[in-house]
Amino acid sequence: MTSADGRPAWSTFRDALERAGFRPSKKLGQNFLLDENMVRAIVRDARVAPGDRVLEVGPGCGFLTLHLVRAGVELTCVELDARLLEIARALVPESAGVRWVEGDVLAGKHALNPDVLGVLPTAPWHVVSNLPYSVSAPFLACLCDLPEPPASITVLVQREVAERIAASPGSADWGPLTIKLQGHYRAELGRSVGAALFWPRPSVESAVVRLELLPERLPRAERGALDRLVAHLFQHRRQGLARVLGEHWGDRARALAALERLEIDPRERAENLDLATLRALASQHRS
């Protein structure tokens, strides 16, 4: 039995997974999106065209992979689990020329795996993935530090992560991940995806988020100082800036002078500062 798109029935994959001794890992965020209509919609949301170079992380059984191949893209897939990789490769026609990479996309929390760095598509390239929950935030943050980051990123993630990515200053979701990504990308919160469309069913809702590279990225010279400033400020997000900034710089008088120059109330909180203001504060420390 096959689906309307010619994909074998889910029972075929369940049997293959059982034969391989596979049990989905909650820690790794292994939840497979089964709904064909939603998979097709994600490919449409990505706005990729034939010949585009695309990286997919965590293809699982290959359901999204198959539709990306049908969209005519040049595809590289990175999958941690060798059992899933074998199932995905059996689903996708060999003639599609997919480049398969077995391994973790991350080398720790703050860096991409060197083996993955060696196979990244050449620019311009794109990321389209149903990201495993366990890697979504650190993986997206790592992309910003690449010399040639993807021109667009379309990913299905936990809804709370998607809302953080697309958040605005003053909201509870505005924080370090938001600021890092929005220094490089325009973020757009997309369609919601219910838990019932996955196997196994996750305990959270999911959503698509799309990121499009800005014409002018945050300059490399600014990134380290801004990242350090934001990390410290948001550890104390509800405290007044004068106190937190003075602790960060080790000089309260200097912090007060910088806030005065920028016409920022010393009692203001970090969570209410927009990206431009945070950049200006970081530059005060460098000057």
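Residues numbered from 1 in each chain as written. Predicted model: local features only at pLDDT ≥ 70, side-chain atom pairs only at ≥ 80, totals over all residues. Heavy atoms only, no water.

Colleague: I'd like a description of helix H4 (residues 82-91), backed by residues and values.
Modeller: Residues of H4 that are buried: Leu84, Leu85, Ile87, Ala88 and Leu91. The buried residues of H4 occupy an angular sector of 165 degrees when the element is viewed end-on, so they sit on one face. Exposed and facing more than 90 degrees away from the buried side of H4 are Glu86 and Ala90. Residues of H4 that are buried make contact with helix H1 (10-19), strand E1 (32-33), helix H3 (63-70), strand E3 (74-79) and strand E4 (99-102). (Buried < 20%, exposed > 50% of the residue type's maximum accessible area, 1.4 Å probe, protein only. Helix = DSSP H or I, 4+ residues; strand = E, 2+ residues; numbered from the N terminus. Arc of directions from axis to C-beta. Contact = heavy atoms within 4.5 Å.)

Colleague: Break down the environment of Phe22 for me, with residues and values.
Modeller: When you line up the elements, Phe22 lands in the loop between H1 and E1. Overall, the relative accessible area of 2% leaves Phe22 in the buried class. The spatial distance from the C-alpha of Phe22 to the C-alpha of Leu241 is 50 Å, given a sequence separation of 219 residues. Ignoring anything within four residues of it in the chain, the contact list for Phe22 reads Leu17, Gln30, Phe32, Asp81, Arg83 and Leu84.

Colleague: Residue-level account of the sheet that holds strand E2 (residues 53-57), with values.
Modeller: Picture the strands of a sheet paired through backbone hydrogen bonds; they go either parallel or antiparallel. What the seven strands build is an open sheet, ordered E4-E3-E2-E5-E6-E9-E7; its pairing is mixed. A single partner strand is all that each edge strand has here, and the edge strands are E4 and strand E7 (185-193). With direction set aside, neighbouring strand axes in the sheet form an average angle of 20 degrees. With five bridges joining them, E2 and E3 adopt parallel strand pairing. The residue bridging Val57 from the neighbouring strand is Val78, located in E3. Across the face of the sheet, H4 comes into contact with E3 and E4 while running at roughly 165 degrees to E4. Contacts from helix H6 (residues 136-143) reach E2, strand E5 (125-130) and strand E6 (152-158) within the one sheet, and its direction differs from that of E6 by about 165 degrees. (Pairing = 2+ DSSP bridges. Axes fitted to C-alpha atoms, helices over the stretch in contact; angles between N-to-C directions.)

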